[in-house]
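Chain residues, written in single-letter form:
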Amino acid sequence: RIFVSGLSDEAGLATPLALAVKQLGSPSDDEIERLEEFVDESLYQGNSSDRRRFLQSSVDHAVRLSMTFWSDEMQRQGSSQGRAAAAAAPLLAQTCRRCWPDRCPWNECWSEQHSLESWRAYNYPHVTAVYWSLYRLGRRFRPARVRRHGWRWYLQRAHGTAMGMWEHGGEVFPHEQQRVAGQAWSKVGNGQGTAQWGLMVGSIFESLLRDLLLEGWAKEAAELQQVMERRVHRWLSMPFPYGSEFAWDNTGHEEIATWLLAYGHDAQAAQTADAVSAYTSLSPHWAYCGSARRWGG
């Protein structure tokens, strides 16, 4: 899947996420240096004018779908970009050249325009967690373990990314007529579509809110709390408050249960946990216990 190789859409950012959180229990100066380098040179646009080189915009904290894409120029095998693409990613080139521009499946060979879209709320918690981990490395350790930026800078980025999730989060899938490669997918934003569901790693937002309050960042905490309360209200209005992206999907359970417990809705949180027990077999076998029944793969 193209989005995984492009550092986004959840699994694509799994390695930086794991490395960042690992530092809070077992810090390594070399690994932290690599993380900060990743933030400045791949993740956050900062003062650079070249948005194409970064996963996240510094203008509005929008997180793009992927940094990997295909183009008409790459499609031409004799062009400089075509040769470079084939050398760097031969399997990608082989796949895209069979279907580009209008016969590619939705999860292969995205255009650059599509790769820059930021409507998918599921991409924001991982980025937030990277910043939050670096904030804690700068704030909770003596001496501070971060070097490139201070803890305030990382906390600001974490808050901005969390708010970006709500501002940019939009539709789950494109409308049928927009699935052709090169066309823009449907985008809603402001709490519609993907932003209203529970998100994988979404419990990071609750940890972030606690630290904003602890630091006395009242304005930022109030902004984030208002957003999360609207999401909780949405979940409480549902008969089964534990859905996510697909018709039956377990990735939203973690965040939904976290927020329901934080706001004292113990019965609804228990209902969310009971859903896991309901679809998990007692048989000690991977086929039953290791993979909940769901749509979407």
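Note that the structure is predicted; figures quoted are calculated from it, not measured. (Residues numbered from 1 in each chain as written. Predicted model: local features only at pLDDT ≥ 70, side-chain atom pairs only at ≥ 80, totals over all residues. Heavy atoms only, no water.)

**Q** Can you walk me through the side chain of Gln23 in this structure?
**A** Positionally, Gln23 belongs in the loop between helix H2 (14-22) and helix H3 (29-43). The exposure class of Gln23 is buried, given its relative accessible area of 0%. Among the polar contacts listed, one links the side chain of Gln23 to the backbone nitrogen of Ser28, at a separation of 2.8 Å. Apart from the residues lying within four places of it in its own chain, the contact partners of Gln23 are Ser28, Glu31, Ile32, Leu35, Leu137 and Phe141. (Helix = DSSP H or I, 4+ residues; strand = E, 2+ residues; numbered from the N terminus. Buried < 20%, exposed > 50% of the residue type's maximum accessible area, 1.4 Å probe, protein only. Polar contact = N/O pair within 3.5 Å; in protein donor to acceptor, adjacent residues only side chain to side chain. Contact = heavy atoms within 4.5 Å.)

**Q** I keep staring at the nonpolar core and nothing clicks. Help me out?
**A** In summary, soluble globular proteins display a tendency toward joint burial of nonpolar side chains. Residues Val39, Tyr131 and Leu134 are the most contacted members of the largest nonpolar core, which totals 54 residues. Contributing elements (two or more residues each) for this core: H2, H3, helix H8 (124-139), helix H9 (151-168), helix H10 (204-214), helix H11 (218-236) and helix H12 (253-262). Apart from residues no more than four positions distant in its own chain, Tyr131 is found in contact with Val39, Leu43, Tyr44, Gln56, Trp153, Tyr154, Arg157, Ala158 and Thr161. Core analysis: the next-biggest nonpolar cluster, separate from the first, contains 10 residues, Ala85, Cys99, Trp100 and Cys104 among them. (Core = buried A, V, L, I, M, F, W, Y, C linked by side-chain atoms within 4.5 Å.)

**Q** Looking at this model, I keep getting lost on the confidence of the model for the chain. Mind explaining?
**A** The predicted structure's coordinates, where accompanied by low pLDDT, should not be read in detail. Summarising the model, the chain shows a mean pLDDT of 85, and 82% of its residues fall at 70 or more. Taken as a whole, residues 172-183 scores under 50 in pLDDT and shows 24 contacts with residues more than four places along the chain or in a different chain. Low pLDDT, under 50, characterises residues 293-297; the predicted model gives this stretch 11 contacts beyond four residues in sequence or across chains. (pLDDT = per-residue confidence, 0-100.)

**Q** Help me understand H12 in this model?
**A** One full turn of an α-helix is made of 3.6 residues, so residues set three or four places apart face in the same direction. What H12 keeps buried is the set His253, Glu255, Ile256, Ala257, Trp259 and Leu260. At the exit of H12 stands Gly264, carrying a positive phi of roughly 80°.

**Q** Can you help me understand the state of the cysteines in this one?
**A** Disulfides are covalent bonds that connect the sulfur atoms of two cysteines. For the structure shown, the criterion picks out two disulfides. Disulfide pairing is shown between Cys96 and Cys109; the S-S distance is 2.2 Å. Here Cys96 and Cys109 share a disulfide; its torsion about the S-S bond, -105°, makes the bridge left-handed. Taken together, the positions of Cys96 in helix H6 (residues 90-99) and Cys109 in the loop between H6 and helix H7 (112-115) put the pair 13 residues apart, joining distant regions of the chain. Accessibility expressed as a relative area gives 0% for Cys96, which makes it buried. For Cys109, a relative accessible area of 2% gives the class buried. (Disulfide = S-S within 2.5 Å.)

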